[in-house]
Amino acid sequence: MIKPFAKTLLLLLLFWQTAQAQVAQDCINAVPICSNTPINGGTNGFGIDDFNGAASSGCLEQTTTGVIESNSAWYRFRTAESGQLGFNIGHNSNEDWDFALYRASDCSDLGEPIRCNFFDNSENTSFIGVGEDPTGDEDSVHYEDWLQVEAGEDYYLFINNFSNINSGFSIQFTGNIWANYPNSALDCSIVSNLLGPPIAACEGDSVVLDASTSGAMNYEWYMDSGSGYQLIAGANGATHTVQNSGQYRVVVDTSAESIVSDVQVGFNDVPITGTVLDETFCYEADMTFDLNSKNYEALGGMNQDDFVVSYHNSQTDAEAGINPLEKHYILTGVSDTIYVRTTSLANPDCYDASQSFALNAIEAPVLSFDEKVVICEAVGSLEIGETQPNANYSYQWGTGEQTPSIMVLEAGEYKVTVTNQSNGIVCEASRTVSVEISTMPQISSIDIDDMSANNTVTINTENNGAYEFSIDGGEYQSSNVFEGVPPGVHAVRMRDPYGCGEVEEDIVVVGYLAIFSPNGDVLNETWQIEGLSTLNSPIVTIYDRYGKLIKQMNEFDTGWDGSFQGKPLPSTDYWFKLSYVDDDGNRTYAKYLQSHFSLRR
């Protein structure tokens, strides 16, 4: 039984003479179970070594005794229906219990367990078992998967206290099989005791013991509350109703024999859930609430080692003790009603589900406007803040303004605090908006690293700011350098990423010698522009420093040999212009070319 030491001692005194009827230390004497009734009991040592010196059985390992068993209890049951089956073994949270379940009909041939748990209880949990932890802990390592059973299967359940810190345990079967077959899930024919298996009930219940026997001539009922069996005056019928814990005995006289049958009946306290107050708080997306924080209120002074608190989405679930909520409950953003169930650890049928509380979510302001904005220089002002405000919110800017949005003319940082107040709860959110001013993009120059099939183009600007660049309609990039540009006409674009403007220029990528030397050594004898064939009707005109036209060429000319009217010109710098016909049919001069070169003799 899951009680503090003083209460455990009292119960042990009450049931001392019948402890062996409650707990069987050896597999061969396993206590038969035939109903979904909690079975309370404690363990003290073990009988024979049911594992014959084995070092392990499934997950079980040797304990402090040097064998697998240390403080053991054995139970057996037989299924009468098919379905999903599980069980909870409730115990004191400071105790370390293990179990193994065997599908077997003979203790001498148990085989390997089909469900097994040997974890230590460092987490201080109150349940181990198969199926679902009744506290709602979906990640508990102390629970094994549900069992799918068929009718007529025999099972042995071994429960062991590892280290002899032991105030007992309780068992309750769970699973859909009990919902579908509440009175016939297990086969009661395996229980040969006239009064049946030990009975655990709740305080205030009436338990009817039935000793009806064919041919009975007389019934006598006795009760042992710790000082030996005493005759119950006036109890001489086939049935007897009991309301107090104790060991009960019936003696049935027939013409052939006297039948003696004993049964233990234990009544457990029914919890009374304390008043659980509503919670009101500021809600943010993906927020969780720790339901464990309400345990103290729910227990209302009751010992947490005797009762467990679970939380549910509906009164129906709380009454049935199903679908417990995760302790870190994910809030929905609206008011949720949480239903509370407090349950006896010794007997899960003893519970109270009379209390509930509300989780009142007050929406914390959600700010949807940008934290960084840009004023376009050509526009001069910008509206910042919430343009679609919530009418329930109030706004306070650092500038003193109390409107959801404000107009700003200057760069800087502007802070606003947004408040939602309800039911005495104030929820706030703050944001600082950084404002910058962006100037119009402007191309100041373009550098062309040419004289190759794949040239490099660099777009230069004298403006400060972040800009993006594109060539020939390609994707914009933050770098102003384009590599692998082939000869020809190209459209380059420069834009402000905040939409403050865009400029476009056409450039011509061609190659020419910066120096040529027509001195008869065959090297660099003529000057010409490579890549003219990529242009439409190109014309190259060459001038001296005084602007005198020296030479005019097209794409079919072999180049200039450095002479004028058949006479060699002196070594100096010369200038040129390149024009072509654009897509609109207009003759256009190429921009951003170096436009001069040197003649060397």
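Since this is a predicted model, take the numbers as computed values, not measurements.

Undergrad: Which parts of the structure should I look at to understand the pairing of strand 26 (residues 372-376)?
TA: Successive side chains on a regular strand alternate, one facing one side of the sheet and the next facing the other. Taking burial as the measure, the 5 residues of strand 26 include 4 buried ones, the bulk of the element. The sheet contact formed by strand 26 and strand 31 (residues 425-438) spans 5 bridges and is parallel. When the sheet's bridge partners are listed, Val373 is paired in strand 31 with Val435.

Undergrad: Explain the sheet that holds strand 26 to me, please; I cannot follow it from the model alone.
TA: By definition, the strands of a sheet pair up through backbone hydrogen bonds, in either a parallel or an antiparallel sense. A sheet is described by the order of its strands in space; here 4 strands give the open sequence 26-31-30-28, paired in mixed fashion. The sheet is open, and its two edges are formed by strand 26 and strand 28 (394-397), each paired on a single side. Each strand axis lies, on average, 30° off the axis of its neighbour in the sheet, ignoring direction.

Undergrad: Help me understand the sheet that holds strand 37 (residues 502-509), please; the structure alone is not making it clear to me.
TA: Read across the sheet, 3 strands follow the order 34-36-37 without closing on themselves; strand pairing throughout is antiparallel. Only two strands of the sheet have a single neighbouring strand rather than two, namely strand 34 (468-471) and strand 37. Between one strand axis and the next, the sheet turns by 20° as a mean value, whatever way the strands run. Sheet topology places strand 34 next to strand 36 (residues 488-495); 4 bridges connect them, and they run antiparallel. In the sheet register, Ser470 faces strand 36, and the bridge partner there is Arg493.

Undergrad: What should I look at first to understand the environment of His240 in this one?
TA: Along the chain, the position of His240 falls in strand 17 (residues 239-242). Distance in space between the C-alpha atoms of His240 and Phe482 is 100 Å, their sequence separation being 242 residues. Aside from chain neighbours lying at most four places away, what touches His240 is Val207, Val208, Leu209, Trp221, Ile232 and Ala235.

Undergrad: Is there a simple way to think about the pattern of salt bridges in this case?
TA: Here the structure, examined in full by the defined rule, presents 10 salt bridges. For Lys372, the salt bridge is made with Glu436, and the minimal N-O distance between the two is 3.9 Å. One end of the pair, Lys372, is in strand 26; the other, Glu436, is in strand 31, with 64 residues separating them in the sequence. Since its relative accessible area comes to 47%, Lys372 is described here as partly exposed. In this structure, the salt-bridge partner of Arg493 is Glu504, at a minimum N-O distance of 3.2 Å. Of this pair, Arg493 sits in strand 36 while Glu504 sits in strand 37, and the two are 11 residues apart along the sequence. Classification of Glu504 as partly exposed rests on a relative accessible area of 44%. Three or more residues are tied together by salt bridges with common partners; here these are Arg78, Asp154 and Asp187.

Undergrad: Looking at this structure, I do not really get the state of the cysteines. What am I missing?
TA: Counted under the stated rule, the structure contains 5 disulfides. Paired through a disulfide, Cys27 and Cys107 show a sulfur-sulfur distance of 2.0 Å. Measuring the twist about the S-S bond at about -85°, one finds the Cys27-Cys107 disulfide to be left-handed. In this pair, Cys27 sits in the loop between helix 2 (19-22) and strand 1 (31-32) while Cys107 sits in the loop between strand 6 (97-103) and strand 7 (115-117), placing the two residues 80 residues apart along the sequence. With relative accessibility at 1%, the residue Cys27 sits in the buried group. Exposure remark for Cys107: the relative accessible area of 19% places this residue in the buried category. Put simply, Cys202 and Cys350 are joined by a disulfide, and their sulfur atoms are 2.0 Å apart.

Undergrad: Is there a simple way to explain the side chain of Thr254 in this structure?
TA: Positionally, Thr254 belongs in strand 18 (residues 246-254). Owing to a relative accessible area of 14%, Thr254 belongs among the buried residues under this scheme. The contacts of Thr254, once residues within four sequence positions are left out, are Thr213, Ser214, Gly215, Ala216 and Met217.

Undergrad: Any chance you could explain the environment of Ala151 here in plain terms?
TA: Residue position: Ala151 is located in the loop between strand 10 (147-149) and strand 11 (154-161). Here Ala151 falls in the partly exposed class, since its relative accessible area comes to 48%. Between the C-alpha atoms of Ala151 and Asp187, which are 36 residues apart in sequence, the distance is 8.9 Å. With residues up to four places along the chain from it excluded, the contact list for Ala151 reads Thr79, Ala80, Glu81 and Ser82.

Undergrad: Can you help me understand the packing of aromatic side chains in this one?
TA: The description of an aromatic ring pair uses the distance of the two centres, along with the angle that the planes make with each other. Taken as a whole and judged by the stated rule, the model has 25 aromatic pairs. Judged by centre distance (4.0 Å) and plane angle (10°), the ring pair of Trp527 and Phe597 falls under stacked. Of this pair, Trp527 sits in the loop between strand 39 (515-516) and strand 40 (529-530) while Phe597 sits in strand 47 (residues 596-599), and the two are 70 residues apart along the sequence. A single burial state applies to Trp527 and to Phe597, both of which are buried. For the pair Phe576 and Phe597, a centre-to-centre distance of 6.4 Å together with 45° between the ring planes defines the contact as tilted. One end of the pair, Phe576, is in strand 45 (residues 572-581); the other, Phe597, is in strand 47, with 21 residues separating them in the sequence. The pair formed by Phe576 and Phe597 is uniform in burial state, with each residue classed as buried. The structure contains a cluster of three or more aromatic residues connected by ring pairs, namely Tyr512, Phe516, Trp527, Trp560, Tyr574, Phe576 and Phe597. Positioned above the aromatic ring of Tyr351, the side-chain terminus of Arg341 is 3.8 Å from the ring centre.

Undergrad: Would you mind going over unusual backbone geometry with me for this structure?
TA: One can expect most non-glycine residues to show negative phi and most peptide bonds to be in trans. With phi around 65°, Asp286 is a residue other than glycine that occupies positive phi space. Residue Asp286 is classed as exposed on the basis of its relative accessible area, which comes to 72%. If you check the backbone angles, Gln565 has positive phi at about 55° while not being a glycine. When you line up the elements, Gln565 lands in the loop between strand 43 (563-564) and strand 44 (567-568). By relative accessible area, which is 72% here, Gln565 ends up exposed.

Undergrad: Hey, could you run me through the nonpolar core in this one?
TA: Of all hydrophobic cores here, the largest spans 27 residues; its most connected members are Tyr75 and Ile159. Elements represented by at least two residues in this core include exactly strand 4 (71-78), strand 5 (83-91), strand 6, strand 8 (127-130), strand 10, strand 11, strand 12 (169-174) and helix 3 (176-180). The residues contacting Ile159, other than those within four sequence positions of it, are Asn71, Ser72, Ala73, Tyr75, Ile89, Trp97, Asp98, Phe99, Phe169 and Ile171. Listed in part, the 23 residues of the second largest apolar core include Leu532, Leu535, Leu569 and Phe597.

So, how was this worked out
- Residues numbered from 1 in each chain as written.
- Predicted model: local features only at pLDDT ≥ 70, side-chain atom pairs only at ≥ 80, totals over all residues.
- Heavy atoms only, no water.
- Buried < 20%, exposed > 50% of the residue type's maximum accessible area, 1.4 Å probe, protein only.
- Helix = DSSP H or I, 4+ residues; strand = E, 2+ residues; numbered from the N terminus.
- Pairing = 2+ DSSP bridges.
- Axes fitted to C-alpha atoms, helices over the stretch in contact; angles between N-to-C directions.
- Contact = heavy atoms within 4.5 Å.
- Salt bridge = Lys/Arg side-chain N within 4 Å of Asp/Glu carboxyl O.
- Disulfide = S-S within 2.5 Å.
- Phe/Tyr/Trp six-rings, centres within 6.5 Å; stacked < 30°, edge-to-face > 60°.
- Lys NZ or Arg CZ within 6 Å of the ring centre and 35° of its normal.
- Core = buried A, V, L, I, M, F, W, Y, C linked by side-chain atoms within 4.5 Å.

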